[in-house]
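Each chain, written out:
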Amino acid sequence: MSKLITAKEASALSNPETNIDKHIEYINQQIRYACQNHKHYVACDLWDCTYRTAIAIAARLRAAGYCFKWHFEVGSDMNRAWFDISWGGS
């Protein structure tokens, strides 16, 4: 029998201020794809990403040893962060 997630868990999952997992998952997916194609860099556009979340992602990338630069754009309907990420001495 499947367990229903709690309302507290659902709230955390739906709050972009506290849930960066979807962005980290996307970045990991892009890095894996780049590695499979013998690349040492990737560019990731993160839509619906708050400034606070972008800062947290930057901290995680730094802690994991990546070189990166990032930019943030405030839109009328959605915020966007994009990261240029490299590894392996590039």
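Relevant structure appears above.
Residues numbered from 1 in each chain as written. Predicted model: local features only at pLDDT ≥ 70, side-chain atom pairs only at ≥ 80, totals over all residues. Heavy atoms only, no water.

Chemist: How do you make sense of the environment of Lys22 when you look at a structure like this?
Modeler: By the element assignment, Lys22 lies in helix H2 (residues 21-36). Of the residues examined, Lys22 reaches a relative accessible area of 42% and is grouped as partly exposed. Expressed as a C-alpha distance, the spacing of Lys22 and Tyr41, which sit 19 residues apart in the sequence, is 20 Å. (Helix = DSSP H or I, 4+ residues; strand = E, 2+ residues; numbered from the N terminus. Buried < 20%, exposed > 50% of the residue type's maximum accessible area, 1.4 Å probe, protein only.)

Chemist: Help me out: how do you make sense of the packing of aromatic side chains in this one?
Modeler: How two aromatic rings sit relative to each other is given by the distance of their centres and the angle of their planes. Taken as a whole and judged by the stated rule, the model has 5 aromatic pairs. Measuring from ring centre to ring centre gives 6.3 Å for Phe68 and Phe83, while their planes differ by 50 degrees; the resulting arrangement is tilted. Separated by 15 residues along the polypeptide, Phe68 in strand S2 (residues 67-73) and Phe83 in strand S3 (residues 80-86) bring together distant segments of the chain. Judged by centre distance (5.7 Å) and plane angle (15 degrees), the ring pair of Trp70 and Phe83 falls under stacked. Of this pair, Trp70 sits in strand S2 while Phe83 sits in strand S3, and the two are 13 residues apart along the sequence. What makes Trp70 partly exposed here is its relative accessible area of 24%. Looking at Phe83, the relative accessible area reads 0%, which means it is buried. (Phe/Tyr/Trp six-rings, centres within 6.5 Å; stacked < 30°, edge-to-face > 60°.)

Chemist: Explain the environment of Asn37 to me, please; I cannot follow it from the model alone.
Modeler: Looking at where Asn37 falls in the secondary structure, it is placed in the loop between H2 and strand S1 (41-47). Among the residues examined, Asn37 registers a relative accessible area of 37% and is labelled partly exposed. Considered as a pair, Asn37 and His23 are 14 residues apart in the sequence and their alpha carbons are 21 Å apart.

Chemist: Please clarify how helix H3 (residues 51-63) should be interpreted in this entry.
Modeler: Given 3.6 residues per helical turn, the α-helix brings residues three or four places apart onto the same face. Here H3 spans 18 Å end to end across 13 residues, near enough to the 18 Å set by a 1.5 Å rise per residue. Structurally, H3 contributes buried residues whose contacts are with H2, S1, S2 and S3. Within two residues after H3, Gly65 carries a phi angle of roughly 90 degrees, on the positive side. (Expected span 1.5 Å × (residues − 1). Contact = heavy atoms within 4.5 Å.)

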